[in-house]
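One-letter residues, chain by chain:
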Amino acid sequence: MELSDRVVVVTGAGSGIGEAIARRISEESPRGLVLADINEVAIERLGTEIGATPIAVDVSSETDNKMLIDTTNQLFGPIDLFCANAGIGFLGDEQTASEEWERMWQINTMSHVYAAKHLIPNWLSRGEGYFLSTASAAGLLTNLKAAQYSVTKHAAVAFSEWLAVTYGDKGIKVSCLCPMGVDTPLLDVDIDFRKLLEPDAIPASDVADAVVEGIRAEDFLILPHPEVERYIQNKANDYDRWIGGMQKLQRSLFPD
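What counts and what doesn't
- Residues numbered from 1 in each chain as written.
- Predicted model: local features only at pLDDT ≥ 70, side-chain atom pairs only at ≥ 80, totals over all residues.
- Heavy atoms only, no water.
- Axes fitted to C-alpha atoms, helices over the stretch in contact; angles between N-to-C directions.
- Helix = DSSP H or I, 4+ residues; strand = E, 2+ residues; numbered from the N terminus.
- Parallel < 35°, antiparallel > 145°, perpendicular 65-115°, else oblique.
- Left-handed = near helix turned anticlockwise from the far one by under 90°.
- Contact = heavy atoms within 4.5 Å.
- Core = buried A, V, L, I, M, F, W, Y, C linked by side-chain atoms within 4.5 Å.
- Buried < 20%, exposed > 50% of the residue type's maximum accessible area, 1.4 Å probe, protein only.
- Salt bridge = Lys/Arg side-chain N within 4 Å of Asp/Glu carboxyl O.
- Phe/Tyr/Trp six-rings, centres within 6.5 Å; stacked < 30°, edge-to-face > 60°.
- Lys NZ or Arg CZ within 6 Å of the ring centre and 35° of its normal.
- Pairing = 2+ DSSP bridges.

A.B. asks: So what exactly am I meant to see when it comes to the packing of helix 1 (residues 16–26) against helix 8 (residues 204–217) here?
C.D. replies: Working note: a packed helix pair is described by the angle between its axes plus the distance between those axes. Remark: helix 1 packs on helix 8, axes separated minimally by 8 Å, with the N-to-C direction vectors making an angle of 55 degrees. Here helix 1 is positioned oblique relative to helix 8, judged by the angle of their axes. As for how helix 1 packs across helix 8, the hand of that crossing is right-handed. Judged by residue contacts, Gly16, Ile17, Ala20, Ile21, Arg24 and Ile25 of helix 1 engage Ala204, Ser205, Val207, Ala208, Asp209, Val211 and Val212 from helix 8.

A.B. asks: What should I look at first to understand the nonpolar core in this one?
C.D. replies: The tendency in soluble globular proteins is for nonpolar side chains to be buried as a group. Counting 31 residues, the largest nonpolar core has Val10, Ile21, Ile25, Leu35 and Leu81 as its most contacted members. When residues of this core are traced back to their parent elements, those giving at least two are strand 1 (7–11), helix 1, strand 2 (32–37), helix 2 (40–50), strand 4 (81–84), strand 5 (129–134) and helix 8. For this core, the element with the highest residue contribution is helix 8, accounting for seven residues. Setting aside chain neighbours within four positions, we find Ile25 in contact with Leu3, Val8, Val10, Pro30, Leu33, Leu81, Cys83 and Val212. Core analysis: the next-biggest nonpolar cluster, separate from the first, contains 25 residues, Phe82, Ala116, Leu119 and Leu163 among them.

A.B. asks: Got a minute to help me understand the pattern of salt bridges in this structure?
C.D. replies: Pairing is possible between side chains of opposite charge, provided their charged atoms come close. Counted under the stated rule, the structure contains 16 salt bridges. The partner of Arg24 in a salt bridge is Glu27, and the shortest N-O contact between them spans 3.6 Å. The exposed category is assigned to Glu27, whose relative accessible area is 58%. A salt bridge links Asp70 to Lys66; its shortest N-O distance comes to 2.7 Å.

A.B. asks: Would you mind showing me how to read the packing of aromatic side chains here?
C.D. replies: Two aromatic rings are characterised by how far apart their centres lie and by the angle between their planes. In total, this model carries four aromatic pairs according to the counting rule given. Ring centres 6.1 Å apart and planes at 10 degrees place the aromatic pair Phe82 and Phe131 in the stacked group. Within this pair, whereas Phe82 is found in strand 4, its partner Phe131 is found in strand 5, the two being separated by 49 residues in sequence. Neither residue differs from the other here; Phe82 and Phe131 are each classed as buried. Between Tyr239 and Trp242 the ring centres are 6.0 Å apart and the planes differ by 85 degrees, which places this aromatic pair in the edge-to-face class. Highlighted residues: Tyr239 and Trp242, both in helix 10 (residues 239–253), separated by three residues, approximately one helical turn. Overall, Tyr239 belongs to the partly exposed group, its relative accessible area being 49%. A residue is classified by how much of its surface remains accessible, and Trp242, at 13% relative accessible area, is buried. Through successive ring pairs, a cluster of aromatic residues spans Phe159, Trp162 and Tyr167. The ring of Trp242 carries the charged tip of Lys235 above its face, separated from the ring centre by 4.7 Å.

A.B. asks: Mind showing me how you'd approach the sheet that holds strand 7 (residues 221–222) here?
C.D. replies: Whenever strands of a sheet pair, they do so through backbone hydrogen bonds, lying parallel or antiparallel. Across the sheet, seven strands lie side by side as 3-2-1-4-5-6-7; this open sheet has parallel pairing. Looking at the sheet topology across the chains shown, the edges are occupied by strand 3 (53–56) and strand 7. Of the strand pairs in this sheet, strand 5 and strand 6 (residues 172–177) are connected by six bridges, and their pairing is parallel. When the sheet's bridge partners are listed, Thr134 is paired in strand 6 with Leu177. Across the sheet, helix 3 (residues 62–76) lies against strand 1, strand 2, strand 3 and strand 4, angled at about 155 degrees from strand 3, the strand it touches most.

A.B. asks: How should I be thinking about unusual backbone geometry in this particular structure?
C.D. replies: Where the residue is not glycine, phi is negative for most of them; where a peptide bond is considered, it is trans in most cases. Unlike most non-glycine residues, Asp5 shows phi in positive territory, near 65 degrees. Here Asp5 is to be found in the segment before strand 1. Classification of Asp5 by relative accessible area gives partly exposed; the value is 46%. One non-glycine residue with positive phi stands out, namely Ser29, at about 60 degrees. Inspection of the secondary structure assignment puts Ser29 in the loop between helix 1 and strand 2.

Right, here's the structure in full:
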């Protein structure tokens, strides 16, 4: 898909990868570019800078997702590309409070479901549409010390796969963005996040470039870190060996 004269929505556009994607897409001369985020001040500032329309949204709310889609349709016409990018991350395990598991589930996974629910019918009637899911390499592999993040990002990848399989023959394209470390505020969540991700962290602008290239090529997996493909192959070829390797990595990074 070429992005010129297209209507595009980017959630989580107030910072990090979402902001970088929005900036990069604005260079492609879209007909309409909508910035969605819970941080209204951030998207208003960015919207003024790049000539985009800010809409304050809580992506964990199905009602807000529907409002975002309906409002964009009213302002610019049918949405061509929806970038389900908003997400959160923090450390946790099986002992973490169920409320925290639920919060991450709603933002990292269910927000994609809510958006697709209100996008797909129109896209099916038009015979086209494009859904970009920002997951993570953690969704293909795992993330040490971050159970909720790994689980919800795995689910985001699974939902993207399901959309692609189910609607690919009906004109709907799907891409799943799975970066490793990116120089965003997520690195500041905890010292363990930074310790794990910072060595391979790349600028968010590099991720945005990969997104535009991946959408242009209509690739399913968009991997700004090429080595992730090799890691996936290693995992698939010998699961037990991969588990052992991850255990070794954990011992070296986080010795008890």
